[in-house]
Amino acid sequence: MPVLRIVAAVIRDPHDRWLVVRKRGTTVFMQPGGKLEPAESAADALVRELAEELGLRVDAATLGHLGRFAAPAANEAGFTVDADVFTAPLTGPVAPLAEIEELRWIDPAAPGDLALAPLLREHLLPRSPA
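First, a word on scope: everything that follows refers to the structure included in this document. Everything numeric in this text was worked out from a predicted model, so none of it was measured.

Analysis parameters
Residues numbered from 1 in each chain as written. Predicted model: local features only at pLDDT ≥ 70, side-chain atom pairs only at ≥ 80, totals over all residues. Heavy atoms only, no water. 1 Å grid on protein atoms, 1.4 Å probe; cavity = no way out; pocket = protein on both sides within 12 Å on 5 of 7 lines; lining within 4 Å. Points joined across faces, edges and corners; volume = space filled by probe spheres on them. Helix = DSSP H or I, 4+ residues; strand = E, 2+ residues; numbered from the N terminus. Nonpolar A, V, L, I, M, F, W, Y, C, P; charged D, E, K, R; others polar. Core = buried A, V, L, I, M, F, W, Y, C linked by side-chain atoms within 4.5 Å. Buried < 20%, exposed > 50% of the residue type's maximum accessible area, 1.4 Å probe, protein only. Contact = heavy atoms within 4.5 Å. Pairing = 2+ DSSP bridges. Salt bridge = Lys/Arg side-chain N within 4 Å of Asp/Glu carboxyl O.

1. Comments concerning the layout of surface pockets
Moving on, step 1. Of the volumes computed, that of the largest pocket is approximately 390 Å³.
Moving on, step 2. Taken together, 29 residues line the largest pocket, and the ones lying closest to its centre are Ile6, Lys23, Met30, Gly34 and Val81.
Moving on, step 3. The set of elements that each furnish at least two residues to the lining of the largest pocket consists of strand 1 (3-11), strand 2 (18-23), strand 4 (33-35), helix 1 (42-54) and helix 2 (118-127).
Moving on, step 4. Its residues assigned to classes, the lining of the largest pocket comprises 16 nonpolar, 5 polar and 8 charged.

Here it is as structure tokens:
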């Protein structure tokens, strides 16, 4: 099965809700992030993606590595994601930019009936990083 190398962020608001995003033309919510560019480190890729997708300016030194996980890709049938996941601080307001259509803040203990990406549903929510 083909693999997509990605990065993703767990971003919390002051109420400990997690930010999830939905890309334009899709129905599944996922962590902000995206694909690595050639020769780009995971941390640098996440800093770039957060700026492009949300307008969020984050210093790579403030990221906390949660782990590396594999899961079925949410929007690319037949692909697996290989994801480095980090915590990232909420350093200012966020807005849906680039390919992001919608933002939501969810309670990780009770995310509701949103369609969630396998990476989020199977690996991140059960861990609920502090």
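2. Details of the nonpolar core
Moving on, step 1. With 20 residues, the main nonpolar core has Trp18, Val85, Leu119, Leu120 and Leu124 as its most contacted residues.
Moving on, step 2. Going through the elements one at a time, strand 1, strand 2, strand 5 (64-72), strand 6 (80-88) and helix 2 are the ones with two or more residues in this core.
Moving on, step 3. When sequence neighbours within four positions are dropped, the list of residues in contact with leucine 120 reads Trp18, Val20, Phe29, Met30, Gln31, Leu125 and Pro126.
Moving on, step 4. The next biggest cluster of nonpolar side chains, apart from the first, holds 19 residues, and it includes Leu50, Leu56, Val58 and Leu63.

3. Some points on the sheet that holds strand 3 (residues 29-30)
Moving on, step 1. Taken in spatial order, the 3 strands make up an open sheet running 3-2-7, and their pairing is antiparallel. Looking at the sheet topology across the chains shown, the edges are occupied by strand 3 and strand 7 (100-106).
Moving on, step 2. Pairing of strand 2 with strand 3, which is carried by 2 bridges, proceeds in the antiparallel orientation. Paired with valine 21 across the bridge in strand 3 is methionine 30.

4. Concerning the pattern of salt bridges
Opposite charge on two side chains allows them to pair when their charged atoms are near.
Moving on, step 1. Enumeration over the complete set of coordinates arrives at 12 salt bridges.
Moving on, step 2. Close ionic contact of arginine 22 with glutamate 102 constitutes a salt bridge, the shortest N to O distance being 3.0 Å. Of this pair, arginine 22 sits in strand 2 while glutamate 102 sits in strand 7, placing them 80 residues apart in sequence.
Moving on, step 3. Of the charged contacts in the structure, one is a salt bridge between aspartate 82 and arginine 68, with a shortest N-O distance of 2.6 Å. In this pair, aspartate 82 is assigned in strand 6 and arginine 68 in strand 5, connecting sequence segments 14 residues apart.
Moving on, step 4. Here the salt bridges share partners, and the residues they tie into one network are Glu37, Glu40, Arg48, Glu49 and Glu52.

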